[in-house]
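Now for the letters of each chain:
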Amino acid sequence: MKPILYSSALLSLLLLGGCGSSNQSGHIGGSTQASALDKNLSPLISHLTGDPSTGHDIPSIDDPKAQLGMKLNYTKTMSLPGDTACVSCHHPLLGGGDGVQIAIGTGAVDTDIYGYDRVLDPGKYAPYHEIEGGPSQAVNSPTHYNSALQDRFMAWHGIIEAADPIPGKNGSVGGLYDPDSEPGYPRIKDPSAGADVPATQARFPVQNPVEMANFDDRWNDLDSFGIRQLLLERFTGDGNSGKIGSDYLTPEQRAAWQKEFKDAGVELNDANIYNMISYFEQTILLIENPWKKYVEGDLTAISEDAKKGAILFFSSYEQGGANCTHCHNGDF
């Protein structure tokens, strides 16, 4: 299948541009003269460092596992009909999202187009879809940027949830809840969940008919495990399901994928396909911004109006503020 092409130079800038470290000069009160606004804001943000990645182990994009995950992210082999890649809806030129109100996954007229011009082909969905050319899903695609900082939730409505959201662990400790979890209260952990929050999230678009699986009589009777098993068979050449076709990947392509896993030092299995995608996603750290510079001591990094807004944001109702930190607190 033809991959979605991208500029390696551009991608490198996008992936690495936000990862540089800065010399912290402490909280407000550096060499620049502090204004009355700065002095009022300083005690409200004294608990912040400015760096939300503090305490997280961020992988390097140069790691072979991250390189493998990037290739998996960019290949249409990850969709059952071979028409959609992860990057079709999570693109670096669109902020790690899709740039449209409602996402269009599998079944597009031109499967190499992403963003606003991606249009659904209703003929590929009939009789499952009634909106000609319209969206195939109910939501847009949230960004996968800063996935390494997601210690509790991912996906809309938090359907991927760490059972024990320890700060800095990315949900890698204590198990996870996801749509495959057995029903019950309290919620029951999925024993087949991925290694962390983003790895678990990556397991579900591939099995969703309107995201990457499509409506096809060859696999519409399969559960989530069965769909992922079909995808694994493409890479390994094992199995005789008769549902994908042995010629989906040529022997040379299959051997190349197997070498990618070997070179990365990981076993080619169902779990590691999504663990490697997670490993890649965790390298995309974009945290350099004016607010970070301000918290680290550069009093000129944000405007006076922004400082007024920050005072409102971090102040409680009793202090005359907007009490935003009741729900939005901490560096992240």
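Think of each chain on its own: its residues are numbered from 1, step by step along the sequence as written. Where totals are concerned, whole chains, interfaces and linings use all residues; where local detail is concerned, this predicted model gives features only for residues with pLDDT of at least 70, and gives and counts side-chain atom pairs only at 80 or more. Each side-chain value is derived from all of the structure's non-hydrogen atoms; neither hydrogens nor water enter the calculation.

### A closer look at the sheet that holds strand β2 (residues 160–162)
Alright, step 1. For two strands to be treated as a pair, DSSP must find at least two bridges joining them. Numbering of helices and strands runs from the N terminus, with a helix taken as a DSSP run of H or I at least four residues long and a strand as a DSSP run of E at least two residues long. The three strands are arranged β1-β2-β3 in an open sheet whose pairing can be described as antiparallel. This sheet does not close on itself; its edge strands, each paired only once, are β1 (153–154) and β3 (176–177).
Alright, step 2. Pairing of β2 with β3, which is carried by two bridges, proceeds in the antiparallel orientation. Directly across from E161, in β3, lies its bridge partner Y177.

### Comments concerning the packing of helix α6 (residues 224–236) against helix α8 (residues 270–281)
Axis angle and axis distance: for two packed helices, these are the angle between their axes and the distance between the axes, and together they describe the pair.
Alright, step 1. Where α6 meets α8, the axes come as close as 9 Å, and the angle between the chain directions of the two elements is 85°. As summarised for this structure, α6 and α8 are arranged roughly perpendicular, according to the angle between their axes. Residues R228, L231, L232 and F235 of α6 touch α8, and the partners they reach there are D270, I273 and Y274.
Alright, step 2. Grouping the amino acids of the contact of α6 with α8 by side-chain chemistry returns five nonpolar, no polar and two charged. Throughout, an axis means a line fitted to C-alpha atoms (over the contacting stretch in the case of helices), and angles, computed between N-to-C directions, take values from 0 to 180 degrees. Oblique is the label for every angle not falling under 35 degrees (roughly parallel), over 145 degrees (roughly antiparallel), or within 65 to 115 degrees (roughly perpendicular). Whether two residues are in contact is decided by their heavy atoms, any of which lying within 4.5 Å being enough. In this count, Pro and Cys sit with the nonpolar residues alongside Ala, Val, Leu, Ile, Met, Phe, Trp and Tyr, while Asp, Glu, Lys and Arg are called charged and the others, Gly among them, polar.

### Comments concerning the packing of aromatic side chains
Alright, step 1. In summary, the pairing rule links any two rings of Phe, Tyr or Trp, Trp by its six-membered ring, whose centres are within 6.5 Å, and it sorts them by plane angle into stacked for under 30 degrees, edge-to-face for over 60 and tilted for everything else. For the structure on display, the rule yields five aromatic pairs.
Alright, step 2. With centroids separated by 5.7 Å and ring planes inclined at 25°, the aromatic side chains of W291 and Y294 adopt a geometry described as stacked. One end of the pair, W291, and the other, Y294, are both in helix α9 (residues 290–295), three residues apart, so they sit about a helical turn from each other.
Alright, step 3. One aromatic cluster is present, formed by W291, Y294, F313 and F314 through successive ring pairs.

### Remarks on helix α10 (residues 304–314)
Alright, step 1. Exposure is judged per residue with a 1.4 Å probe applied to protein chains only, and the accessible area is read against the type maximum: over 50% gives exposed, under 20% gives buried, and values in between give partly exposed. Of the residues making up α10, those classed as buried are K307, A310, I311 and F314. Down the axis of α10, the smallest arc covering the buried residues is 100°, so these residues share one side.
Alright, step 2. Those residues of α10 that are buried lie in contact with α2 (36–41) and α9. This arc is taken over the directions from the axis of the helix to the C-beta atoms.

### Regarding the side chain of N275
Alright, step 1. Looking at where N275 falls in the secondary structure, it is placed in helix α8.
Alright, step 2. Looking at N275, the relative accessible area reads 15%, which means it is buried.
Alright, step 3. As used in this structure description, the phrase polar contact means that two N or O atoms lie within 3.5 Å; if the pair is within protein, one of them must be able to donate a hydrogen and the other to accept it, and residues adjacent in sequence are counted only when both atoms belong to side chains. A distance of 3.4 Å separates the side chain of N275 from the side chain of N272, its partner in a polar contact.
Alright, step 4. Those residues within four positions of N275 in sequence are excluded, and the remaining contacts are G194, A195 and A199.

Read these as geometric descriptors, not functional statements.
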